[in-house]
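Understanding the architecture of this molecule
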Amino acid sequence: MRNFYQFDPGLESPEIVRMLVEIPKNSNHKFEFDPAHGVFRLSRTLYSPIHSPGDYGFIPGAVAEVATRSIFFAWSMRPTIRAS
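Right, let's walk through the structure included here. (Residues numbered from 1 in each chain as written. Predicted model: local features only at pLDDT ≥ 70, side-chain atom pairs only at ≥ 80, totals over all residues. Heavy atoms only, no water.)

Moving on: the overall build of the protein chain. In terms of regular secondary structure, the protein chain is built from 0 helices and 5 strands. Order of helices (α) and strands (β) in the protein chain, N terminus to C terminus: β-β-β-β-β. Residue burial in the protein chain is summarised as follows: out of 84 residues, 25% are buried. Long-range pairs, those at least 24 residues apart, make up 53% of the contacts in the protein chain between residues at least 6 apart in sequence. A total accessible area of about 6100 Å² is found for the protein chain, and carbon and sulfur atoms account for 56% of it. (Helix = DSSP H or I, 4+ residues; strand = E, 2+ residues; numbered from the N terminus. Buried < 20%, exposed > 50% of the residue type's maximum accessible area, 1.4 Å probe, protein only. Contact = heavy atoms within 4.5 Å. Areas by Shrake-Rupley, 256 points an atom, 1.4 Å probe, with all protein chains shown as cover.)

In structure tokens:
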């Protein structure tokens, strides 16, 4: 099974990095990677009237020793994932 936390951040890192999106732009759905099953799952629905102006996620392979991830925010004109 793939573990996206163990992927490297990309060959051109640190100038260009991979990003795994957990909250797509303008979405109220929060997805999280489930390493036990190797899939992304809908974690929760955010009921705030405020939506993110960009994609929110993390850089794979940049997990700290205390199991926190490197949070990343990408400004974008359109969402990278279409949530339905």
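Looking now at the pairing of strand 2 (residues 29-34). Sheet topology places strand 2 next to strand 3 (residues 39-45); 6 bridges connect them, and they run antiparallel. Each bridged residue has a counterpart across the sheet, and for Phe31 the counterpart in strand 3 is Leu42. Taking the residues between adjacent antiparallel strands as the criterion, strand 2 and strand 3 are bridged by 4 residues, where Gly38 takes a positive phi near 70°. (Pairing = 2+ DSSP bridges.)

With that settled, consider the side chain of Ser27. Here Ser27 shows up in the loop between strand 1 (20-23) and strand 2. Classification of Ser27 by relative accessible area gives buried; the value is 10%. There is a polar contact of 3.0 Å between the side chain of Ser27 and the backbone nitrogen of His29. (Polar contact = N/O pair within 3.5 Å; in protein donor to acceptor, adjacent residues only side chain to side chain.)

Here the focus is the sheet that holds strand 1. Taken together, the 3 strands give an open sheet; going across it, the order is 1-4-5, and neighbouring strands pair in antiparallel fashion. Lying at the two open borders of the sheet, with one neighbouring strand each, are strand 1 and strand 5 (71-75). Between one strand axis and the next, the sheet turns through 45° on average, direction left out of account. (Axes fitted to C-alpha atoms, helices over the stretch in contact; angles between N-to-C directions.)

Note the cis peptide between Ser13 and Pro14, where omega equals 10°. The topology assignment puts Pro14 in the segment before strand 1. Within the chain, Asn26 stands out as a residue other than glycine whose phi angle is a positive 60°. Within the secondary structure, Asn26 is located in the loop between strand 1 and strand 2.

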